[in-house]
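Topology and contacts: notes
Next come the chains, spelled out residue by residue.
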Amino acid sequence: MSSPETTTITSWNIRQLAQALQDQTVTSVQATEAYLGRINQIDSILHAYITVTQEKALADAQASDNRRAAGKILGPLDGVPMALKDIFCTKGILTTCASKILANFVPPYDATSWQMLERKGAVLLGKCNMDEFAMGSSNENSAFFAARNPFDIERVPGGSSGGSAAACAADLAVYTLGTDTGGSVRQPAAYCGVVGLKPTYGRISRFGIVPYASSLDQVGIFAKDTEDCALVLSAVAGKDEYDSTSMPLDVPDYTKACQKDVRGMTIGIPKEFLGQGIDREIIAALEDGAAKLEQLGAVIKEVSLPHTPYALSAYYILATAEASANLARYDGVRYGLRIEKDNVSDTMEATRSAGFGDEVKRRIMLGTYALSSGYYDAYYNKTLQVRTLIKDDYDQVFAGGIDCLLTPAAPTTAFKIGEKTGDPLAMYMSDVCTVPINMAGLPGLVFPYRLSGDLPLGLQLIGAPFGEEKLFTVGHALECPRLLPRDIITQAKKKGVVA
Amino acid sequence: MTQYETVIGLEFHAELKTKTKIFCSCPTDFSAEPNTHVCPVCLGLPGVLPVLNKRAVELAIKAGLALNCQISHLSKFDRKNYFYPDLPKGYQVTQFPLPICTNGYLIIKDDAGNDKRIRINRIHLEEDAGKLVHSGTTIATSAYSLPDYNRAAVPLIEIVTEPDLSSAEEAKNFAEMLKLTLQYAAVSDVKMEQGSLRCDVNISLRPQGQKELGVKTEIKNLNSFRSILRAVAYEQTRQTEALDNGERIIQETLTWDDDNGTAFSMRSKEDAHDYHYFPEPDLVPTIVEQDWIDEVAKELPELPQKRKYRLVDQYGLSDYDASTIVNNPVLALFFDRVLYHYDDPKTVANWLLGEISRLVKSSEEEIEMISLKPDDVAYLLTQVKEGAINNNSAKAVLEEMFQTGKEPDAIIKEKGFAQISDTSALQDAVKAVISANPQPVADYRQGKKQALGFLLGQIMKATGGQANPQAVREILINALDNE
Ligand SMILES: [Zn+2]
């Protein structure tokens, strides 16, 4: 039997590759080489990766092939090449968070979620590009280089997990992990035409994830379709004794939910998500999707989440307040960048001034201000109250018999590189559909619905706490067949982008 | 001249006696090489998360119960933000609005010797910082400073009193009673010299009779009871002079310089830190059910106040003796253990405060280091009571026990200290003395009873002091009367 073409191998989803590995039409080493070859070929254009772990990937792939030969396979993810956002701590492997301040940081420990995958045989191709410390919506805040959208290399892949989204969309990994604090997995998934899940807060361990805003951060998954996404969630979810906020709940086989029928389910459309600033075409797609669900036997109901308009501003106070403390440890004393000065406070100041980018500094200052005595009640405390009101909105809707909510994933499709860098508020608005879900701690699934011109258009499903299964059921029913970007090298030649 | 009233509040930091740190499993012991008891969690590396040590919560509850506090069923941790190289995360995890214990008190003696209740506002749990070793005297004047994070994230409780104390002596009394109580509760080593118990003093003056409080200053770096006493007296004098001269007191933080007996200003209120407290999102609220509190309460021994009442009221010891025993928890425990086998509190107290304390003192050992066993002491006292050994021999045996750790029985046999109570041996000695001393015998028989004393002395001499005097007396009288 002859081996499949390299481009065929990299187009497969997890199940297809797992099947091929099982049938021995391809080995893990061959698959890994195919991916490394493709990264080598086009990532100098896309900049989806910060670090490529070629040697480790090939060694792990070989180990997987050996296990397979010995009949000791560790499950469907064994031997499957994947990648991590560069915010996941990886033992012995550079973990930069796309920041100059951590440009030389090699952690002596693994993030729990990565450790769980590695124990199931995952092959790590590398660490993906992102906005510095996950602060951004376009990946343009990477201290190293901006990642590009595979569907139009002059556009952003979204952020902050832009590199992970681009890598998954452009077949530079079978699946990838990102993190989502206000939409950092779901918005880039929408822009890049892949499935992106932010599970319920507490579903996946946060241990080893460099924190941005601890009460909002959650590990997320990028996959080529909902069933792949469900497969990965089953592998990384669960209680971790090293994360007090992870929940001790059973982890089901989420792939089963993809086979379920939407008949009899009640889907809510929150009217606050269809207001000003959302592209007409996206609203049209959402209405189309709702109609399709009705045809499949689901009930569609308009619902109201009245506190939604306050979510974005409350988010930027809460997230930046937590960030101001989370980023205090980068002081040049113990690890990371250090700009040596005459005394300790000058050293700290010089290190932080040189080490952090503008957006990170902006958010640290915002957060510090919000926590200052005299402003605390007006900002931080008020924000906690708003957060409770937002949660209550969702609780009421789900208590009223709604199975899940259908909303836009972002107000627009992917925007041009440089389009919003001069206007932070316009940039922040691109997270308006995703931020409330983090504030409420709920699960959100973004799936590609169709192309809008050349660009993917995604929709979002929101579930009750730990209601991921229903999201997979509905998402599986509505997702379009996989969207494929046009050839990257051809795009680069046509648009004069130099690799 | 205006008479001022002094108002003092105290804050203590006590390191909890847990085996491991508050948020990771690194050991807490003091003596290790710098930066060997550390891990990614207590070094504050990126992405690591704290996991609360349950034993630290238990010890905080225990301290709260010992200090008559209410234990909160729900408490929360907060972040206290500031930059300093000994603070790995750039914030300290502590408890701000919802501490683990509130509303306690301790009873101390006021200056007139009467009982006074000092209220405790709160006890909260927090993590300690690391330690900096400067090449010079301060961080600002040093060429370099070396951080040691072994102490980082060792669990602490902070105990905050209400401003109920009104003199240096009271402040010292409170500190001593607090230390003793925590020692009995076994929650902390409470060694001020080693820093496992630290004290800050808040002090203000107000004209006698005035209701509102004056401007306060805070004195830090008090490493002994004596320095508390001296620092309060110093600050009392300084503030009195300032107020008498019509000056305003500036709210500031002072550092006590024990060598020179002065305090100097660290920072004034204007440049006081804004700590930007906010809830620690990496930890869930600490829920303490009543069952857990009840379990912890069972671990709590009898506390100093109650213990002293028992010694005075129940055993009839003097106030002074009772205090001496109770003020030293090791001595108090020793006392109780001896008493368990030998039920005569006054005798036990006499031996403990007399002979045993003398031996401890001359050995220059700490009492907890000595090898004397309470049940051996009880055995020795029983031997004395039963007449098997006399008092002087017992002292010699005790000293030998103290020096060698041998059992009393072995020493008594070895040294031949056992009193002769064997009747036939004693009868021979009595017979010999009677035949050798016809005149005193005749005197006795004629009614001169004082001759008995002489004869007894002769028998004791003949037996080398080892005859049981009680037995000798009986045999002698019997012999004289019946022959
Ligand atoms: Zn540690």
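Keep in mind it's a predicted model, so treat the numbers as computed, not measured.

To continue, consider the interface of chain A and chain B. Across the contact, 38 residues belong to chain A and 32 residues belong to chain B. The contact between chain A and chain B buries some 2,700 Å² in all, and 63% of this surface belongs to carbon and sulfur atoms. Broken down residue by residue, the surface that chain A buries against chain B is led by Ser244, Arg329 and Arg334 of chain A, which jointly contribute 22%. Counting every contact that joins chain A to chain B gives one salt bridge. When the shortest N-O distance is used, the salt bridge between aspartate 282 of chain B and arginine 206 of chain A registers 3.1 Å. Inspection of the region where chain A meets chain B yields 15 residue pairs in polar contact (both at pLDDT 80 or more). Tallying contributions element by element places helix α11 (residues 311-326) of chain A first for the side of chain A that touches chain B, with four residues. Of the residues contributing to the side of chain A that touches chain B, the split by class is 22 nonpolar, nine polar and seven charged.

Moving on: helix α6 (residues 319-326) of chain B. All names here are of chain B. Those residues of α6 not exposed but buried are Ala322, Ser323, Ile325 and Val326. Relative to the axis of α6, the buried residues are bounded by an arc of 165 degrees and lie together on one face. Buried-residue contacts for α6 involve α2 (168-185), α5 (304-314), α7 (329-341) and α8 (345-363).

A word on the sheet that holds strand β5 (residues 91-94) of chain B. The strand order β5-β4-β15 (chain B) describes an open sheet built from three strands, whose pairing is antiparallel. Of all the strands in the sheet, the pair left with one neighbour each is β5 and β15 (278-279) of chain B. Strand direction decides the pairing type here: strand β4 (residues 78-81) of chain B and β5 of chain B, joined by four bridges, are antiparallel. Bridge pairing links asparagine 81 of chain B to tyrosine 91 of chain B in β5 of chain B. Of the strands in this sheet, β4, β5 and β15 of chain B are in contact with α11 of chain A, which crosses β4 of chain B at around 60 degrees.

What counts as what
- Residues numbered from 1 in each chain as written.
- Chains lettered and ligands numbered in written order.
- Predicted model: local features only at pLDDT ≥ 70, side-chain atom pairs only at ≥ 80, totals over all residues.
- Heavy atoms only, no water.
- Contact = heavy atoms within 4.5 Å.
- Buried area = accessible area lost by both parts, 1.4 Å probe.
- Salt bridge = Lys/Arg side-chain N within 4 Å of Asp/Glu carboxyl O.
- Polar contact = N/O pair within 3.5 Å; in protein donor to acceptor, adjacent residues only side chain to side chain.
- Helix = DSSP H or I, 4+ residues; strand = E, 2+ residues; numbered from the N terminus.
- Nonpolar A, V, L, I, M, F, W, Y, C, P; charged D, E, K, R; others polar.
- Buried < 20%, exposed > 50% of the residue type's maximum accessible area, 1.4 Å probe, protein only.
- Arc of directions from axis to C-beta.
- Pairing = 2+ DSSP bridges.
- Axes fitted to C-alpha atoms, helices over the stretch in contact; angles between N-to-C directions.

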